[in-house]
Amino acid sequence: MKKIGLFFGSFNPIHIGHLILANYILENTDMDELWFVVSPQNPFKEKKSLLKDHNRLDMVQLAVKNYPKMRASNVEFSLPQPSYSIDTLTYLKEKHPDYHFALIMGEDNLETLPKWKNAQTLIENYQIIVYPRLSEESEKEKKMPLHGNISLIKAPIIELSATEIRKMLKEGKNVRPMLPPEVFEYLDGSNFYR
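Our subject in this report is the structure included herewith. Going along each chain's sequence as written, the residues are numbered from 1 onward. At least 70 in pLDDT is required for a residue's local features to be given in this predicted model, at least 80 for side-chain atom pairs to be given and counted, and no such filter applies to totals for whole chains, interfaces and linings, which use all residues. Side-chain measures were taken over the full set of non-hydrogen atoms in the model, leaving aside hydrogen atoms and water.

## Points about the pattern of salt bridges
Whenever Lys or Arg places a side-chain nitrogen within 4 Å of a carboxyl oxygen from Asp or Glu, that contact is recorded as a salt bridge. This model, assessed by the stated rule, comprises 9 salt bridges. Glu 33 serves as the salt-bridge partner of Lys 2, at 2.7 Å between the closest nitrogen and oxygen. Within this pair, whereas Lys 2 is found in strand β1 (residues 2-9), its partner Glu 33 is found in strand β2 (residues 33-38), the two being separated by 31 residues in sequence. Overall, the relative accessible area of 31% leaves Lys 2 in the partly exposed class. Between buried and exposed lies partly exposed: a residue is buried under 20% and exposed over 50% of the maximum accessible area for its type, with that area taken using a 1.4 Å probe on protein chains only. Accessibility expressed as a relative area gives 15% for Glu 33, which makes it buried. The salt bridge involving Lys 173 is made with Glu 171; its shortest N-O contact spans 3.0 Å. Among the residues examined, Glu 171 registers a relative accessible area of 40% and is labelled partly exposed. We count a stretch as a helix when DSSP gives it H or I for four or more residues in a row; a strand needs E for two or more, and each element gets its number in order from the N terminus.

## Some remarks on the pairing of β1
Taken across its 8 residues, β1 has 6 buried, putting it largely inside the fold. Bridge analysis of β1 against strand β4 (residues 99-106) gives 6 bridges, and the strand direction is parallel. Its bridge partner lying in β4, Phe 7 is registered against Ile 104. Taken together, β1, helix α1 (residues 16-28) and β2 form a β-α-β motif whose crossover is right-handed. The pairing criterion is simple: DSSP has to find at least two bridges between the two strands. Handedness is read with the strands pointing away from the viewer; a crossover is right-handed when the path from the first strand over the helix to the second is clockwise.

## Re the side chain of Ser 39
Within the element layout of this structure, Ser 39 appears in the loop between β2 and α2 (53-64). Among the residues examined, Ser 39 registers a relative accessible area of 10% and is labelled buried. Contacts described as polar in this section are N or O atom pairs within 3.5 Å, which, within protein, must combine one atom able to donate a hydrogen with one able to accept it, while residues neighboring in sequence count only if both atoms come from side chains. Here Glu 76 takes part through its side chain, which lies 3.2 Å from a polar atom of the side chain of Ser 39. If we ignore the near neighbours within four places in the chain, the residues touching Ser 39 are Phe 8, Gly 9, Ser 10, Arg 56 and Glu 76. Between two residues, a contact is recorded if the distance between any of their heavy atoms is within 4.5 Å.

## Description of the packing of aromatic side chains
Note on aromatic pairs: each is described by the distance of the centres and the angle between the planes. Paired rings are identified among Phe, Tyr and Trp, the last through its six-membered ring, by centres lying within 6.5 Å, and are further divided according to the angle between planes into stacked (under 30 degrees), edge-to-face (over 60) and tilted (the rest). Tallying each qualifying case throughout the model produces 8 aromatic pairs. Ring geometry for Trp 35 versus Tyr 99: centroids 6.2 Å apart, planes at 70°, classification edge-to-face. Taken as a pair, Trp 35 in strand β2 and Tyr 99 in strand β4 lie far apart in primary sequence, 64 residues in all. Residue Trp 35 is classed as buried on the basis of its relative accessible area of 1%. In textbook terms, an aromatic cluster arises when at least three aromatic residues are bridged by ring pairs, as seen for Phe 7, Phe 11, Phe 36 and Tyr 131. When the ring centre of Trp 35 is taken as reference, the NZ or CZ atom of Arg 71 above it lies at 3.9 Å. Only when the NZ of Lys or the CZ of Arg is both within 6 Å of the ring centre and within 35 degrees of the ring normal is a charge said to sit over the ring.

## Some words on the packing of α2 against helix α8 (residues 181-188)
Packed helix pairs are characterised by how far apart their axes lie and by the angle those axes make with each other. Only C-alpha atoms enter the line fits that serve as axes; for helices the fit covers just the stretch in contact. Angles between N-to-C directions range over 0 to 180 degrees. Put simply, α2 and α8 touch, their axes get as near as 7 Å, and they point 145° apart. Crossing hand, α2 versus α8: right-handed. Across the interface between the two elements, Asn 55, Asp 58, Met 59, Leu 62 and Ala 63 of α2 pack against Glu 182, Val 183, Tyr 186 and Leu 187 of α8. Whether a crossing is left-handed or right-handed is set by the direction in which the near helix is turned from the far one by less than a right angle, anticlockwise for left-handed and clockwise for right-handed.

What follows is the structure, given as structure tokens:
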């Protein structure tokens, strides 16, 4: 059975931190592929700062074209909005019954996980791979008891944010080292984020 890791995000824009993390997960877990699921609208995020869905999808496709185990997914573009992970997973499972899907999330999302739609169903039926984020929590809080389907991985912590990249672009600063070359070229010839 093929194992697919799903990395949800607005990827506004996708940057090298996303690729480093995705590559680490592919090399250090049993995932056969990793899909970047471009979210049209995160229920917790304002939509106005988002580039158009197809532009963000184009950038992800450009970023992953040289990585055979990574792909861009627009599955949420045709689903009701806002998108909820459980609905997307249910839809994908019906469409690909022979695939095993896992959810990839940052440690910061673990705290809000109990508030997610159908959180219990999600936790009981899907593997959840959690990557570390820099946070202010004490070590005591970090040792929260985890469900058997939730695994913490020791991926490198990349403190790059799309918000910071957008801000730098707006200010006319050089962001070339932070973006996959193809994404830099795509943005360089445009007025996006400026």
